[in-house]
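Each chain, letter by letter, is given below.
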Amino acid sequence: MNFLQVLGHTTLKSLAKLGRASLFFYSIMTVLPYVFMRPKLLIKQIFSVGVLSFWLIIISGLFVGMVIGLQGVYTLSTYGAEASLGIMVAASLVRELGPVVSALLFAGRAGSALTAEIGLMKTTEQLSGMEMMAIDPIKYIIAPRFLAGFISLPLLALLFSSLGILGGHITGVELLHVDAGSYWTQMQSAIDFYDDIVNGIIKSIIFAWIISWIALFEGYDALPTSAGISRATTRTVVNSAFAILFFDLLLTAIMFGST
Amino acid sequence: MNTKFTEILVGLFVCTGIAALFFIALQVSNFQALQNRASYTITANFENISGLKDNALISMAGVPIGRVSQIQFNAEDYNAIVSMRIDQQYANLPTDTSASIYTAGLLGEKYIGLSAGGMEEFLIEGSVIELTQSSLVLEELISQFLFNSSDK
Amino acid sequence: MISIRNLTFSRGERKIFDNISLDIMPHKITAIMGPSGAGKTTLLKLIGGQLSPDSGVIMVDGKNIHQLSRPQLYTLRKKMGMLFQSGALLSDMSVFDNIAFPIREHTQLPESLIRTVVLLKLNAVGLRGARDLMPSELSGGMARRVAMARAIALDPEMIMYDEPFTGQDPISLGVLVSLIATLNKTLHLTSIIVSHDVQETASIADYIYVLSHGKIAGQGTPKELADSDSEWVQQFMHGKADGPVPFHYPSDSLTADLFTY
Ligand SMILES: Nc1ncnc2c1ncn2[C@@H]1O[C@H](COP(=O)(O)OP(=O)(O)O)[C@@H](O)[C@H]1O
Ligand SMILES: [Mg+2]
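Remember, predicted model here, so these are calculated numbers, not experimental data. Chains are numbered independently. Their residues run from 1 in the order of the written sequence. Both sets of labels track the order of writing: A upward for chains, 1 upward for ligands. Given that the model is predicted, a residue must reach a pLDDT of at least 70 before its local features are reported, and side-chain atom pairs must reach 80 or more before they are shown or counted; all residues, however, enter totals for whole chains, interfaces and linings. To obtain the side-chain values, all non-hydrogen atoms of the structure were used and water was disregarded.

(A) Expanded view of the sheet that holds strand 2 (residues 14-24) of chain C. Residue and element names in this part refer to chain C. When DSSP locates at least two bridges between a pair of strands, those strands are taken to pair. Secondary structure elements follow DSSP: runs of H or I of four or more residues count as helices, runs of E of two or more count as strands, with numbering from the N terminus. Strand order in the open sheet formed by 4 strands is 2-1-4-5, and the pairing between neighbours is antiparallel. If you trace the sheet from one side to the other, it starts and ends with strand 2 and strand 5 (63-64), each paired once. Where strand 4 (residues 55-60) and strand 5 come together, 2 bridges link them in antiparallel fashion. When the sheet's bridge partners are listed, Met59 is paired in strand 5 with Asn64. Residue contacts are defined here by distance: any two heavy atoms, one from each residue, within 4.5 Å place the two residues in contact. Axis lines are fitted to C-alpha atoms, over the contacting stretch for helices. Their N-to-C directions set the angle, which ranges from 0 to 180 degrees. Here helix 1 (residues 40-47) sits on the sheet and contacts strand 1 (2-11), strand 2 and strand 4; the angle it forms with strand 1, its principal contact strand, is near 120°.

(B) Expanded view of the coordination of the magnesium ion (ligand 2). Residues and elements named next belong to chain C. For Na, K and Ca the donor cut-off is 3.2 Å, while for other metals it is 2.8 Å, and in both cases only N, O and S atoms qualify; water is not among them, so sites may look incomplete. Here the magnesium ion (ligand 2) is held by the protein donor atoms Thr41 (OG1) and Gln85 (OE1), which lie 2.0 to 2.6 Å from it. On the criterion of sequence distance, the pair formed by Thr41 in helix 1 and Gln85 in the loop between strand 6 (80-83) and helix 3 (95-106) is long-range, its members being 44 residues apart. Here the term buried applies to any residue with accessible area under 20% of the maximum for its type, exposed to any over 50%, and partly exposed to those in between, with areas from a 1.4 Å probe on protein chains only. By relative accessible area, which is 34% here, Gln85 ends up partly exposed.

(C) Structural detail: empty space enclosed by the protein. Using only the protein atoms, space was sampled on a 1 Å grid; points where a 1.4 Å probe fits but cannot get out form cavities, open sets with protein on both sides within 12 Å along at least five of seven lines form pockets, and lining residues are those with an atom within 4 Å of a point. Grid points are joined across faces, edges and corners, and a volume is the space filled by probe spheres set on the points. For the structure shown, the criterion picks out 2 cavities of 30 Å³ or more. The volume enclosed by the largest cavity comes to roughly 130 Å³. Along the walls of the largest cavity sit 15 residues, with A:Met133, C:Met80, C:Gly81, C:Arg150 and C:Ala151 positioned nearest its centre. For the lining of the largest cavity, the secondary structure elements donating two or more residues are helix 5 (126-132) of chain A together with strand 6 and helix 5 (140-151) of chain C. The element best represented in the lining of the largest cavity is strand 6 of chain C, accounting for 3 residues. Each residue belonging to the lining of the largest cavity can be placed in one class, and the counts come to 10 nonpolar, 2 polar and 3 charged. Size it by volume and the second largest cavity reaches roughly 70 Å³. Forming the boundary of the second largest cavity are A:Val94, A:Pro99, A:Pro154, A:Ala157, A:Leu158, A:Ser161, A:Ile197, A:Gly200, A:Ile201, A:Ser204 and B:Ile24. Elements that contribute at least two residues to the lining of the second largest cavity include exactly helix 4 (85-123), helix 6 (137-175) and helix 8 (193-221) of chain A. Gly falls in the polar group here, along with every residue not listed as nonpolar (Ala, Val, Leu, Ile, Met, Phe, Trp, Tyr, Cys, Pro) or charged (Asp, Glu, Lys, Arg).

(D) Summary view of the packing of helix 7 (residues 180-190) of chain A against helix 1 (residues 3-28) of chain B. Packing of helix 7 of chain A against helix 1 of chain B brings their axes to within 8 Å, and their N-to-C directions diverge by 95°. One way to sum up the angle between helix 7 of chain A and helix 1 of chain B is to call them roughly perpendicular. Residues A:Trp184, A:Met187 and A:Gln188 of helix 7 of chain A form the contact with helix 1 of chain B, whose own contacting residues are B:Phe23, B:Leu26, B:Gln27 and B:Val28. Grouping the constituent residues of the contact of helix 7 of chain A with helix 1 of chain B by class yields 5 nonpolar, 2 polar and no charged. For this classification, under 35 degrees means roughly parallel, over 145 means roughly antiparallel, 65 to 115 means roughly perpendicular, and everything else is oblique.

(E) Just the pattern of salt bridges, in detail. For this document, the term salt bridge refers to a Lys or Arg side-chain nitrogen within 4 Å of an Asp or Glu carboxyl oxygen. Evaluated as defined, the whole model comprises 19 salt bridges over all chains. With a closest N to O distance of 2.6 Å, A:Arg95 and A:Asp196 form a salt bridge. Of this pair, A:Arg95 sits in helix 4 while A:Asp196 is found in helix 8, placing the two residues 101 residues apart along the sequence. With relative accessibility at 30%, the residue A:Arg95 sits in the partly exposed group. Residue C:Glu163 is joined to C:Lys40 by a salt bridge in which the shortest nitrogen-to-oxygen separation is 3.7 Å. Note that C:Glu163 is positioned in the loop between strand 7 (158-162) and helix 6 (170-186) and C:Lys40 in helix 1, a separation of 123 residues in sequence.

So, in C-alpha cells, the structure goes:
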C-alpha cells in the first residue's frame, strides 16, 4: 500500500517535471531568433561555457589519445598489426571517445556551473526582477546559454579528437616506433568522412542539446535555497551522464549498426 | 572581464575548433579522396567480390591510385559490376590491365589490385577491364581442398 | 490605480489570503503592513502578475492583470517599478549597467542620453559615485538604493517597495524614508510600501492596511490606526510583546515540553 503510494507519487512528480521541462524547452525555442540579433550575449556565454572548458578538454584529449596509443601498440603487437594503430586510435576517438568523453567533461565543468548560476539567480530574485522589468529571462539569460552550449560542445569534441590523435602519434609513433606512414595512411583509408566524422559531430550536437537543456532546466526549476541549488547541481551532472551514455548507445546502434 | 578580451578569446576558440575540423577531415579521414579531384571511372566484372566495400582502395604496385565508387549486381550474367574511380594522374593504364581482389593481411580489408598489361592504348572513362580475378572465398577453398583430396 | 477584490491565494494547504479586498489610490503612498510571513511579498507578486490568485480579481490600471496576454502584461509592467527585498541586482553587471539595463532593453535612446539618465537616477539615490562598483561590492543598504534607482529608471507610474527599510543604518534609513516621499511627490508616482517597520512607514504613508492571518486586520490613515480600538492593531502598531498575537509559534507550554520524555 505504502509502496504503491510512493511509486505513484514519484511517477506523478517525474511526469510533472518532464512536462515543465518540455514547456521550458519550447519557450527557449520560441525566443532563439532573438539571440542571433544579440551576438554580444552569445559571445559572453560561449566564453564561459566553451573557452573556460578549453584546457580541460585539450589536456584530457591528449592524455586519452596517448593512453590509447600505448594500449593499442601492446594489444596490436600480439597480432603483428601495429600498422593498424592509426585506425584504432582515430576510430575510437572520432566515433566514441571524442563525443562522449568531452560531453561528460562538459557536463561536469560547464553544466554544473550553469545550474548553479541560474539557481543562484533565481534565489537572489534576479530572474523575478527581470520579469518585473518586463524582460523575459528566458530570452535574455537562458536562450544565449543554451545556444552557447550548442556551439561549444561540438567544437570541443573535435578538439578532443584531434588532440587524441596527436597523442596517439606521440606514444605510438615517437615512443614505440610504429611506422609514421602507416599510422596516417591506414587511418586515412579506414576513417570515412561522412560515416565516422559527421556522425561523431552529430553525436556531440545531440549531447550538447541534452546537457544544456538539463543544466538550464535544473537551475531554473531549483528550489531557491542553498540546499536546493546544490541538489540541482548534482542532478545535472548525474542525469546528464546517464542521458549521454544512453543516447550514445542509441545513436551508435542507429549510425553504425547497419554495417 | 574586458569585453574585447572576451571577444578575442571566443574568436580564437571558434577558430581552433574549426581548425580541428579541418585537421580531422583532411588528415584523418578519406575526405580528400571524396573530393571531386579529377578522375575517371572504369568498371570491371567480377564473379565474386565477397567482402569488397564501397570506397575500398584500388592499388597498383602497392600505390593507392583510386577507390571503388559503386558496386552493382548484373542480373544478366549474375556477376558483380564494380565501378572504380581512378585519379586522373594515373591515366595511362593499358587496356589489357587486369584486376584482382585481394585481402590486406589475413583478416584485413579487401582491396582491388591492378596489374598493367602491355597494350599501347589506355583505359579511358567508361572502359571495362576484361581480365578479372575474383575474391578468394575461404569456404570455397577449403571445400575444394577437401573434395580434391577425397578424390584421390 | 489598483483594486483587489475577493482575493484568495494558498500555498499548499495554507491560505495566505482569504477573500481580501483593498484599493490603492493613485499618486498616494499606501502601506501594507503585517508581521513576517503574513504574505506581503506574495501580495506584490500577485499584483505584478508573477503569481495567479486561486480566486478573485486584481485590476491594475483598469485591466485584470491575470487575463492579459504576455505582451500586454509586459507592456503594463513597464509602468510598474518594483524594489525587491534583496535588491535583485544582476550580479554580472556594474551598478551603472544594472540601471541602464531596462532602458537599453526597452528604448532606442542613444548611449549618451542613457548615460545622462542613469547618472541622474543614481544621483537621486546618492550613489552617483558608486556607478562602477559591482553588486557584490555593495553593502545591503547601498544595493537597495541602487535597486531603487533601477526601479525608477523607466519613469514608471507606480512603484512597489518590498521592505525598503530593513537592514538600513539609521542615517540611510532617514534618507530612504524621505527619498520615497520625495519621489512620490515629484514624479507623481503611486507607491506601495510593504513593511513591518511601523514608525518609518507611518511617517510617510497616506493610508495603511494591516494584514494578519490572511485577512485585513485594520485599515486607515496612520492616525486612525494609531487610535484604533482593535487590540490587535494596537499591539502591532505599538510593538507590544503581549496581546492577541502571540510571540511564540503555536506549541505546548514550555513546562510540558521540557518535562515530558
Ligand atoms: N515559493 C514558495 N513556496 C511555498 N511557500 C512560500 C513560497 N514563498 C513564500 N511562501 C510562504 O508564503 C508565506 C508568505 O510569504 P511572504 O509573502 O514572503 O511573507 P512576507 O513577505 O510577508 O514576510 C510564508 O509563510 C512563506 O513561507
Ligand atoms: Mg517578504
